[in-house]
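Structural overview for review
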Amino acid sequence: LGVFAGLMLCKNDFDWYRVKAEADSLLSVDLLHSDDGDLDMRLYTASNLAQYLVAGVEAEGGEALEYLATNGGWYYLRVAGFNEAQNAYELQVEIK
């Protein structure tokens, strides 16, 4: 899908993004940020925004997430600050 730069997470807030994936496609997301505040990301299905499917893992420069979409449809990515952190960030989203 592309690179989304110049994003900003404010303190005590969540940023939500909607991504459509076909069945059996691999969703790959990189969340890049500075050391000014630790950001986390989680992936949810459209039918259950209370229970996440997978959480991002620490990677160089931020976090990384991969998920094999067994069902096609809408998925929701949430970016949040760890311990109320805020920070500028960039998302790199790819569907294979």
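These numbers come from a predicted model, not from an experiment.

A separate point is the sheet that holds strand β4 (residues 39–45). In spatial order, the strands read β2-β8-β4-β5; together these 4 strands make up an open sheet with antiparallel pairing. The open sheet has two free edges, formed respectively by β2 (14–21) and β5 (54–55), since each of these has just one partner strand. In terms of strand pairing, β4 meets strand β8 (residues 73–81) through 7 bridges, oriented antiparallel. Paired with Thr45 across the two strands is Tyr75, which belongs to β8.

Strand order in this open sheet of 5 strands is β1-β9-β3-β7-β6, and the pairing throughout is antiparallel. Every interior strand has two partners, whereas the edge strands, β1 (2–9) and β6 (57–59), have only one. Direction aside, neighbouring strands of the sheet carry axes that sit 25° apart on average. One ladder, built from 3 bridges, connects β6 with strand β7 (residues 62–69); its direction is antiparallel. Residue pairing for β7: Ala59 is matched across the bridge by Gly62.

Once that is clear, we can look at unusual backbone geometry. The backbone phi angle of Asn12 is positive, close to 60°, even though this residue is not glycine. Position of Asn12 relative to the elements: it lies in the loop between β1 and β2. Note on Asn12: relative accessible area 59%, which makes it exposed. One non-glycine residue, Asp24, lies in positive phi territory at about 65°. Along the chain, the position of Asp24 falls in the loop between β2 and β3 (25–33). Classification of Asp24 as exposed rests on a relative accessible area of 60%.

A few words on the environment of Ala59. By the secondary structure assignment, Ala59 is in strand β6. Residue class for Ala59 comes out partly exposed when judged on its relative accessible area of 37%. Spatially, the C-alpha atoms of Ala59 and Asp30 are 8.6 Å apart, while their sequence positions differ by 29 residues.

Two aromatic rings, taken as a pair, are described by how far apart their centres are and by the angle between their planes. Within the structure shown, the criterion is met by 3 aromatic pairs. Ring centres of Trp16 and Tyr44 lie 5.3 Å apart, and the angle between their planes is 50°; on these two criteria the pair is classed as tilted. Highlighted residues: Trp16 in strand β2 and Tyr44 in strand β4, separated in sequence by 28 residues. A centroid spacing of 5.8 Å and a plane angle of 55° characterise the contact between Tyr67 and Tyr75, whose relative ring orientation is tilted. The residues Tyr67 and Tyr75 share a single accessibility class, namely buried. Ring pairs connect the aromatic residues Trp16, Tyr44 and Tyr52, which therefore count as one cluster. Here the basic side chain of Arg18 rests over the ring of Trp74, its NZ or CZ set 3.8 Å away from the ring centre.

Criteria and cut-off values
- Residues numbered from 1 in each chain as written.
- Predicted model: local features only at pLDDT ≥ 70, side-chain atom pairs only at ≥ 80, totals over all residues.
- Heavy atoms only, no water.
- Pairing = 2+ DSSP bridges.
- Helix = DSSP H or I, 4+ residues; strand = E, 2+ residues; numbered from the N terminus.
- Axes fitted to C-alpha atoms, helices over the stretch in contact; angles between N-to-C directions.
- Buried < 20%, exposed > 50% of the residue type's maximum accessible area, 1.4 Å probe, protein only.
- Phe/Tyr/Trp six-rings, centres within 6.5 Å; stacked < 30°, edge-to-face > 60°.
- Lys NZ or Arg CZ within 6 Å of the ring centre and 35° of its normal.

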